[in-house]
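# Structural description and commentary
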Amino acid sequence: MNDFFKAEELLNTTRDLVRIPSPSGFTDEVISWVEGRMQELNVPTYRNNKGGLIATIEGNDSSKHRMLTAHVDTLGAMVKEIKSDGRLRLSLIGGFRFNAIEGEYCEIITSSGKRYTGTILLHQTSVHVYKNNGDVKRDEQNMEVRLDERVFSVDDVEKLGIHVGDFTAFDPRVKLTESGFIKSRHLDDKASVALLLANIKKIKEENIKLPYTTHFLISNNEEIGYGGNSNIPDETVEYIAVDMGALGDGQTSDEHTVSICAKDSSGPYHYRLRKHLVGLAEEYNIAYKLDIYPYYGSDASAAIRAGADVRHALIGPGIDASHAYERTHQDSMLHTANLIYNYLQSSMID
């Protein structure tokens, strides 16, 4: 593997991204941040009507295009109900369970822009009061937000400007370790956004002329299923989603290699494009793992479902504890960055 990228830069960009609240439906701030980075690199961009960002780098061949996507939207919640005691019930955004956020700090973002902190707790949290709290189901009825404000009623909360439909963002608790790990919420998929930004920066700084016109879609609705299924130019032949590799029992992916997906819940990915990516990994000494994700869908599979006539693939860094307090290692980030770099300069498959 060539040393094209610096681990510190990849991890620092990921850290900066995860600190920007962006649950699906509330992504303008993080899209603006990415847009600013693109402007610094003199890469033309535009926003689609859904609020996603599309950047384009012209290539030698403009008759055939490539598209790579990563998403900035994350898991989150909305205020569903203000309870009579001033606590809040939540409606979840994205596919996860309440137990994954029990005890988590959060931020309520009002429609006027005010932000209030709180903690997501089981109503029956205190073991000194609720003897069987371990048996209580963690669900919408029993989980609540304890606001860090003097509130004791619905009226008290509404006076703060908090209402049903306000977004709730989870504290990422991002931490970089001396051993090369980054652990944080929302590495899915902000780690991949950092990888695309690093590649775009490398291409611009080294004046690399790509073989094909290439679009980079920073999507903002992936966690709810439709981030990257539109705004695909008709000339696009290859479409790659850069998203996490899910770790767990029966999986081959790990935190030290790039994961190349063969199949997820949507079905197999394009076989010859997958083989092309494997061939590049082997040619350039990039450590990889092939894997199947049983309960997973990507922006690439969403595009296929929407009728896009493209060859689709899915790659990404291996991330432990997906949709909870996630972790990956700089090795996985570096291998993924290098696979993207070499893919962008490769010939399309016949």
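Overview of the structure. (Residues numbered from 1 in each chain as written. Predicted model: local features only at pLDDT ≥ 70, side-chain atom pairs only at ≥ 80, totals over all residues. Heavy atoms only, no water.)

### Looking at the side chain of Gln124
Quick note on the threshold: Only DSSP runs of H or I with at least four residues qualify as helices, and only runs of E with at least two residues qualify as strands; both kinds are numbered from the N terminus onward. Note on contacts: a residue pair is in contact if any heavy atoms of the two residues lie within 4.5 Å.
Note on placement: Gln124 falls in the loop between strand 7 (115-122) and strand 8 (143-147). Aside from chain neighbours lying at most four places away, what touches Gln124 is Tyr130, Asn133, Val136 and Asn142.

### With respect to helix 2 (residues 28-40)
The condition that has to hold: The span you would expect from a helix comes to 1.5 Å times its residue count less one. Any residue under 20% of the maximum accessible area for its type is buried, any over 50% is exposed, and the rest in between are partly exposed; the area is computed with a 1.4 Å probe on protein chains only. It is the directions from the helix axis to the C-beta atoms that the arc portrays.
The first and last C-alpha atoms of helix 2 sit 18 Å apart over 13 residues, in line with the 18 Å expected at 1.5 Å per residue. Buried residues of helix 2: Val30, Ile31, Val34, Glu35 and Met38, and no others. Here the buried residues of helix 2 occupy an arc of 140 degrees about the axis, which is enough to place them on one side. Pointing more than 90 degrees away from the buried face of helix 2 are the exposed residues Gln39 and Glu40. Where helix 2 is buried, its residues meet helix 1 (7-18), strand 1 (45-47), strand 2 (53-57), helix 4 (187-205) and strand 12 (212-219). Once helix 2 ends, the next one or two residues include Asn42, with phi positive near 60 degrees.

### Considerations on the environment of Ile260
Tracing the chain through its elements places Ile260 in strand 15 (residues 258-264). Along the sequence, Ile260 and Ala303 sit 43 residues apart, while their C-alpha atoms lie 18 Å from each other. Setting aside residues up to four positions removed in sequence, Ile260 forms contacts with Arg274, Leu277, Val278, Tyr288, Lys289, Leu290, Asp291, Leu314, Ile315 and Leu339.

### Digging into the pairing of strand 11 (residues 181-184)
What counts here: Two strands are said to pair when DSSP picks up at least two bridges between them.
When strand 10 (residues 175-176) meets strand 11, the two strands line up antiparallel, connected through 2 bridges. The residue bridging Leu176 from the neighbouring strand is Ile182, located in strand 11. Linking strand 10 to strand 11, which pair antiparallel, is a turn of 4 residues; within it Gly180 sits at a positive phi near 100 degrees. Sheet topology note: the strand 11/strand 19 (residues 326-329) ladder contains 4 bridges and is antiparallel. Within strand 19, the residue paired with Lys183 across the bridge is Arg327.

### What to know about helix 4
Helix length check: helix 4 (19 residues) gives 26 Å between terminal C-alpha atoms against 27 Å at 1.5 Å per residue, within 8%. With 16 of its 19 residues buried, helix 4 lies for the most part within the structure. Residue Asn207 follows helix 4 closely and has a positive phi angle near 50 degrees.

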